[in-house]
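For reference, the chains in residue letters:
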Amino acid sequence: MKTKSRLIVTAISLAAAAPLALSQAGAATSSTNGEMSSSTGAIGEAGQGLTHLPSRLGQIRNSELPILALGVQELGLSGSFDWSNDTVYRTDLTYGWFVSDCWLFGIKTGLSGVNSDVSVLAGLFVEYNYLTGTKWVPFAGGSASYKRVDNGDSNDGLDTTLEFGVKYFLRSNMAISTSIAGGWFTAGDNGDDGFSSRVNFGLRYYF
């Protein structure tokens, strides 16, 4: 009888302890699942950050590219020298604004000469810029200017120029340029017509 009583007491004790053990096991499982879910969420957020990283880098790169759009203004300074024969020089100061995307229209003034003979010019220019999606921007343009020539006998005439070159943008609002230009000078009664070519180097600022 004592043995049976002990067995009955043991069975009752196990039956009473079983729900508590199951409850503790469930809590542990829930805690583990929560930690796994939290870890998965963190990994997911990190993955999303990595996914957006290339686009952010693209935005940074794009912010460094030139924006040559309607309303942007350009201030430019360019010049050329030739010591092969006489000292031939020319320097131009330009101011223009983009009347539409890529199309630049403006005014120019400058000095040119051979040795101590100095010529002064003032006129208009137009330029088209070929956007490439990079910092390199090829361009082509032309100008027509009134030119006053002082070579002992003052004279004036029309200076027309065609120019082809490329700009490299050091930053979104500043570029250096190089170009090849050919100019025709149509003189008045006391002067001579002539053609000249040159290689120009310049600096451009945008605002």
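Figured I'd write up the structure that's included with this text. (Residues numbered from 1 in each chain as written. Predicted model: local features only at pLDDT ≥ 70, side-chain atom pairs only at ≥ 80, totals over all residues. Heavy atoms only, no water.)

1. Some points on the overall build of the chain
Then comes step 1: When you go through the chain residue by residue, the secondary structure sums to one helix and eight strands.
Then comes step 2: Listed N to C, the secondary structure of the chain is α-β-β-β-β-β-β-β-β in terms of helices and strands.
Then comes step 3: Classification of the 207 residues of the chain by burial places 28% in the buried group.
Then comes step 4: Sequence-distant contacts, at least 24 apart, represent 49% of the contacts inside the chain between residues at least 6 apart.
Then comes step 5: Of the roughly 13,300 Å² of accessible surface on the chain, 64% is carried by carbon and sulfur atoms. (Helix = DSSP H or I, 4+ residues; strand = E, 2+ residues; numbered from the N terminus. Buried < 20%, exposed > 50% of the residue type's maximum accessible area, 1.4 Å probe, protein only. Contact = heavy atoms within 4.5 Å. Areas by Shrake-Rupley, 256 points an atom, 1.4 Å probe, with all protein chains shown as cover.)

2. A short note on the side chain of Asn129
Then comes step 1: Here Asn129 lies in strand S4 (residues 117-129).
Then comes step 2: In this structure the side chain of Asn129 is engaged in a polar contact, spanning 2.8 Å, whose partner is the side chain of Lys167.
Then comes step 3: Other than its neighbours up to four places away in sequence, Asn129 contacts Leu68, Phe98, Cys102, Leu104, Val137, Pro138, Phe139 and Lys167. (Polar contact = N/O pair within 3.5 Å; in protein donor to acceptor, adjacent residues only side chain to side chain.)

3. Focus: the pairing of S4
Then comes step 1: The sheet contact formed by strand S3 (residues 103-114) and S4 spans twelve bridges and is antiparallel. Its bridge partner lying in S4, Gly113 is registered against Val118.
Then comes step 2: Hairpin connection of S4 to strand S5 (residues 136-150): six residues between the antiparallel strands, including Gly133 at a positive phi of 80°. (Pairing = 2+ DSSP bridges.)

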